[in-house]
Amino acid sequence: MIDLKVLRENPDLVRASQRARGEDVGLVDVVLAADERRRSLIVEFEGLRAEQNLLSKRVGSATPAERPNLLESAKDLANAVKRADAERGAAESALREASNALSNIVEAGVPEGSEENFVVLEHVGTPRDFAAEGFEPLDHVELGKVLGAIDTERGAKVSGARFYYLTGNGALLEFALINLAMAQAAEHGFIPVIPPVLVKSKAMEGTGFLGQAAENVFHLEEDDFYLVGTSEVPLAAYHMDEILDGAKLPLRYAGFSSCFRREAGAYGKDTRGIIRVHQFDKVEMFSYCPPDEAPAEHRRLLAWEKEFLNAIEVPYRVIDVAAGDLGSSAVRKFDCEAWIPTQNAYREVTSTSNCTEFQARRLNIRMRDSEGTKPLATLNGTLCAVPRIIVAILENHQQPDGSVNIPLALRPYLGGREKFLPVNA
RNA sequence: GGAGGACUCGCCUAGUGGCCGAUGGCGUCGGUCUUGAAAACCGAUAUUGGGAGACCAAUCGUGGGUUCGAAUCCCACGUCCUCCGCCA
């Protein structure tokens, strides 16, 4: 939810933001009207209520003789108060609904346009020249088979499309990646967290995933639970309804969890392999910080993402995502895209978003400092989304004999091994 | 699953229909005293909304209800605790 004060004082800013996102600009006026109506109904209700409070006090101290008359008018007033209260309540929910539909106000400098209008900020590393090395690289599905690491066929047999088993080397590689990521996070002061992956609607809604992203969320009808698509959700909701001590910010958490995504609207996209799957594990960074520090914190999260990608030694580029491709909570988003040789393309492996006070307002999370209490900023960033990182490692570090070199940083977590070797079928 | 009990301001707690936005203690902050600190003493110390403001309104787990008036009475739900059963 955006700041209604900003909306009232500078509606054009919000209109421009909606336009940049390609979202409904007219919503701004709907929200303004709802806000207007709500405030006038509050004034009406409170006036009546104050009158009633006075009258009630007089009833208490009235003599038996004057009591019946007072009670008579008090009764009328009580009805009027009840009516006004109901109208006020309705106006408040109308405003909430309308303002919840508004996306966060995009940061100045975000590229205009939609998905394809991103701006490349930098390239890190150089893709290998497999032709020069004299062999044709295998894709991660084939490598996964050769190494006994990924079993997509049995994943499909047991659970359907977009499911897979990580086996042997694949499973060990996941554990190593998680350990490396958590070690890095802890070193930088993140508190490691293993959160619940089933959450109530309040958590899902407050994080902003029940709006435009709702179709990608698994919902357990019978128990009214939602399966999280990222530990961002339970990490953001962790401090729901709390006031945090400003002196202890930024507060940083690194959450490890399974993530579940319906991938609706992705029919036919990335159907091969484990680039786009319904279930995967991920280490996610999450930060609560003062609003004025949010842009700097955003850059720090990006730097930590790069640190991890540097450690696994794959070429990647960093992009500044265009306004039309931002989530509703985010004002700006940087993605890191790893080079995938067999696709001859950079593919998203991490993503970091600055959500400013948008989520905090919805989740009722505030900070207290010398200036009082106010909403704080929340930011998130991927540290390690396991399957995509596995794809990047296997494809980029493969050797002509089908083996895969293990990046130096991962070796301590794999018993010192230097490479994954093909297994006999 | 069954039976009881609890839920009040950062923490603990008083409060059974109007004198209660709410007592007291702890903690925190400010002051007096002190070379400094501690102790003692004095004072301050919830949140939200409306209003330019004096102020006004709301909030005692949540939502309903009774009443002129609810922290207080009634109903439902939630959370936690204890006991019993069941499962491991």
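Residues numbered from 1 in each chain as written. Chains lettered and ligands numbered in written order. Predicted model: local features only at pLDDT ≥ 70, side-chain atom pairs only at ≥ 80, totals over all residues. Heavy atoms only, no water.

Structural notes on the environment of Glu348
What counts here: Note on conventions: DSSP H or I runs of at least 4 residues are helices, E runs of at least 2 residues are strands, and numbering of each starts at the N terminus. Whether two residues are in contact is decided by their heavy atoms: any pair within 4.5 Å suffices.
The residue Glu348 is located in strand β13 (residues 345-354) in this model. Placed 88 residues apart in sequence, Glu348 and Phe260 show a C-alpha to C-alpha distance of 17 Å. Apart from residues lying up to four places away in sequence, Glu348 is in contact with Asp335, Cys336, Glu337 and Arg388.

Quick notes on a negative patch on the surface
Here is the rule we go by: In this scheme, patches are assembled from residues that exceed 30% relative accessible area and form no salt bridge. Like charges are connected within 9 Å, while nonpolar side chains (Val, Leu, Ile, Met, Phe, Trp, Tyr) are connected within 5 Å. Using a 1.4 Å probe, the Shrake-Rupley method yields the accessible areas, and only the shown protein chains count as cover for residues. One side-chain nitrogen of Lys or Arg within 4 Å of one carboxyl oxygen of Asp or Glu is enough to make a salt bridge. Within this scheme the basic residues Lys and Arg register as positive and the acidic residues Asp and Glu register as negative, but His and the chain ends are omitted. To locate a charge, take NZ of a lysine, CZ of an arginine, CG of an aspartate or CD of a glutamate. Burial here depends on accessible area, computed with a 1.4 Å probe over protein chains only, as a share of the maximum for the residue type. Under 20% is buried, over 50% is exposed, and the range in between is partly exposed.
A surface patch of like charges, here negative, comprises Glu221, Glu222, Asp223 and Asp224. By secondary structure assignment, the location of Glu222 is in the loop between β6 (218-220) and β7 (225-227). Overall, Glu222 belongs to the exposed group, its relative accessible area being 78%.

Some points on unusual backbone geometry
Between Leu249 and Pro250 the backbone carries a cis peptide bond, its omega angle lying at -5°. Looking at the element boundaries, Pro250 is found in the loop between β8 (243-245) and β9 (251-260). Even without glycine at this site, Arg162 takes up a positive phi of about 70°. With respect to the helices, strands and loops of the structure, Arg162 is situated in the loop between α7 (152-159) and β3 (165-166). Even without being a glycine, Glu263 presents a positive backbone phi close to 55°.

A short note on the environment of Ala86
Mapped onto the elements, Ala86 comes out in helix α4 (residues 67-100). Its relative accessible area of 52% is what places Ala86 among the exposed residues.

Notes on the packing of aromatic side chains
The line we're drawing: Between 30 and 60 degrees the pair is tilted, below 30 it is stacked and above 60 it is edge-to-face, where a pair is any two Phe, Tyr or Trp rings, Trp via its six-membered ring, whose centres lie within 6.5 Å. Counting as a charge over the ring demands two things of the Lys NZ or Arg CZ atom: a distance within 6 Å of the ring centre and an angle within 35 degrees of the ring normal.
Per the counting criterion, the structure on display carries six aromatic pairs. Between Phe190 and Trp304, the aromatic rings sit 5.1 Å apart at their centres with planes inclined by 80°, giving edge-to-face as the arrangement. Here Phe190, found in the loop between α8 (169-187) and β4 (191-193), pairs with Trp304, found in helix α11 (residues 294-311); they are 114 residues apart in sequence, far enough to count as distant. In this structure, Phe190 and Trp304 share a single accessibility class: buried. Ring geometry for Phe286 against Tyr288: centres 5.1 Å apart, planes inclined by 65°, an arrangement best described as edge-to-face. One exposure class covers both Phe286 and Tyr288, and it is buried. Linked through ring pairs, Tyr238, Tyr253, Phe286 and Tyr288 together constitute an aromatic cluster. Over the ring of Phe45 we find Arg88; its NZ or CZ atom is 4.5 Å from the centre of that ring.

Overview of the pattern of salt bridges
Counted under the stated rule, the structure contains 28 salt bridges. Salt-bridge contacts for Glu87 lead to Arg83; the nearest nitrogen and oxygen are separated by 3.6 Å. Remark: Arg83 and Glu87 occur in helix α4; sequence separation between them is four residues, near one turn of the helix. On the basis of relative accessibility, which here comes to 42%, the residue Arg83 falls in the partly exposed class. Taken together, the shared-partner salt bridges connect Arg8, Asp35, Glu36, Arg38 and Arg39 into one network.

Here we look at the protein's contact with RNA strand B
Rule in force here: In these notes, residues near a molecule or strand are those with any non-hydrogen atom within 4 Å of it. Within 3.5 Å is the distance limit for a polar contact, defined as a pair of N or O atoms, with the added protein rule that one can donate a hydrogen and the other accept it, and that residues adjacent in sequence qualify only through two side-chain atoms. As a working rule, the residues Ala, Val, Leu, Ile, Met, Phe, Trp, Tyr, Cys and Pro are called nonpolar, Asp, Glu, Lys and Arg charged, and the rest polar, with Gly in that last group.
For RNA strand B, the set of nearby residues contains 21 residues, the closest of which are Arg38, Arg49, Ser56, Arg366 and Thr373. By atom count, sugar and phosphate contribute 74% of the portion of RNA strand B lying within 4 Å of the protein. A distance of 3.5 Å separates a phosphate oxygen of RNA strand B from a polar atom in the side chain of Lys75. Separating a phosphate oxygen of RNA strand B from a side-chain N or O atom of Lys82 is a distance of 3.4 Å. For the surface near RNA strand B, the secondary-structure elements that each account for two or more residues are α3 (27-61), α4 and β14 (366-369). Sorting elements by how many residues they give to the surface near RNA strand B places α3 first, with twelve residues. Taken together, the residues of the surface near RNA strand B break down into eight nonpolar, four polar and nine charged.

Comments concerning the domain arrangement of chain A
Selection criterion: Domain start and stop points were drawn from an automatic or database domain assignment.
Segmentation of chain A into domains returns domain 1 (4-100) and domain 2 (115-420). Facing the four residues of domain 1 at the interface are nine residues of domain 2. Scanning the region where domain 1 abuts domain 2 turns up zero salt bridges. Linking domain 1 with domain 2 are three residue pairs in polar contact (both at pLDDT 80 or more), by the criterion used here. Tallied by class, the residues present in the side of domain 1 that touches domain 2 amount to one nonpolar, one polar and two charged.

Notes on the sheet that holds β6
Stated precisely, the cut-off is as follows: Pairing between strands is defined by DSSP: at least two bridges between the two strands are required.
Pairing is antiparallel across the open sheet formed by three strands, whose spatial order is β5-β7-β6. The sheet is open, and its two edges are formed by β5 (198-199) and β6, each paired on a single side. Here β6 runs beside β7; their pairing, made up of three bridges, is antiparallel. In the sheet register, Phe218 faces β7, and the bridge partner there is Leu227.

A closer look at the side chain of Glu395
Locating Glu395 in the fold gives a position in helix α13 (residues 386-396). There is a polar contact of 2.8 Å between the side chain of Glu395 and the side chain of Thr342. Once residues lying within four places of it in the same chain are set aside, the contact partners of Glu395 are Phe130, Leu138, Asp139, His140, Leu143, Ile340, Pro341 and Thr342.

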